[in-house]
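Residue-level structure breakdown
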Amino acid sequence: QVQLVESGGGLVQAGGSLRLSCAASGRTFTTYTMGWFRQVPGKEREFVARISWNGGSTYYSDSVKGRFTISRDNAKNTVSLQMSTLKPEDTAVYYCASNLVDGNNYYQPKAWHYWGQGTQVTVSS
């Protein structure tokens, strides 16, 4: 069992930066691929980024590539999402996800086993 708790959300102006963190419990954290998704009301949860168990490989959605950076610290059981050059369309609830069970469909929420409760990010224009 893994519990995920996100933090770091808030209100920021367009062009600004924000850093999200996800603290994970459970001894198997270091073996799991970790990811970030986001969701706005009325829309499906959208893949943002993922990172392999050792941080050796990362993937990003086209909409955030070059602006967001995912990283992890296995010693601290945390995964982070550094968001820069934020845009109003980045406004969403951001969710941390763990234990990718279907690597071929990593961009789909159903491919992930554990989820955090989400943290709100609002980017004003």
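Let me sum up the structure you'll find in this document. Keep in mind the model is a prediction, meaning the values are calculated, not measured.

This paragraph deals with the pairing of strand β3 (residues 18-25). The two faces of β3 differ: Leu18, Leu20, Cys22 and Ala24 on one face are buried, but Arg19, Ser21, Ala23 and Ser25 on the other face are not. Sheet topology places strand β1 (residues 3-7) next to β3; 5 bridges connect them, and they run antiparallel. Paired with Val5 across the strands is Ala23, a residue of β3. As defined by bridge partners, β3 adjoins strand β8 (residues 78-83) across 6 bridges and the pair is classed as antiparallel. Note that in β8 the partner of Arg19 across the bridge is Gln82.

This part takes up the nonpolar core. Counting residues in each nonpolar core, the largest one holds 27 residues, and the members touching the most others are Met34, Trp36, Leu81, Met83 and Tyr94. Every element with two or more residues in this core is listed here: β3, β4 (34-39), β5 (46-51), β7 (68-73), β8, β9 (92-100) and β11 (119-124). Apart from residues lying up to four places away in sequence, Tyr94 is in contact with Glu6, Leu20, Trp36, Phe37, Arg38, Val48, Phe68, Leu81, Met83, Gly118, Thr119 and Val121. Counting residues in hydrophobic clusters, the runner-up holds 6 residues, among them Phe37, Ala97, Leu100 and Trp112.

Moving on: the packing of aromatic side chains. This model, assessed by the stated rule, comprises 7 aromatic pairs. For the ring pair Phe37 and Trp112, a centre distance of 5.9 Å and an interplane angle of 80° mean the geometry is edge-to-face. Of this pair, Phe37 sits in strand β4 while Trp112 is found in strand β10 (residues 112-115), placing the two residues 75 residues apart along the sequence. According to the relative accessible area criterion, Phe37 is buried, its value standing at 0%.

Although it is not a glycine, Asn77 adopts a positive phi angle of roughly 55°. Residue placement: Asn77 occurs in the loop between β7 and β8. Positive phi, normally seen in glycine, also occurs at Thr85, with a value near 45°. For Thr85, the position within the fold is in the loop between β8 and β9. Given a relative accessible area of 46%, Thr85 falls into the partly exposed group.

Rules behind the numbers
Residues numbered from 1 in each chain as written. Predicted model: local features only at pLDDT ≥ 70, side-chain atom pairs only at ≥ 80, totals over all residues. Heavy atoms only, no water. Buried < 20%, exposed > 50% of the residue type's maximum accessible area, 1.4 Å probe, protein only. Helix = DSSP H or I, 4+ residues; strand = E, 2+ residues; numbered from the N terminus. Pairing = 2+ DSSP bridges. Core = buried A, V, L, I, M, F, W, Y, C linked by side-chain atoms within 4.5 Å. Contact = heavy atoms within 4.5 Å. Phe/Tyr/Trp six-rings, centres within 6.5 Å; stacked < 30°, edge-to-face > 60°.

The quantities given are spatial measurements derived from coordinates; they are silent on function.
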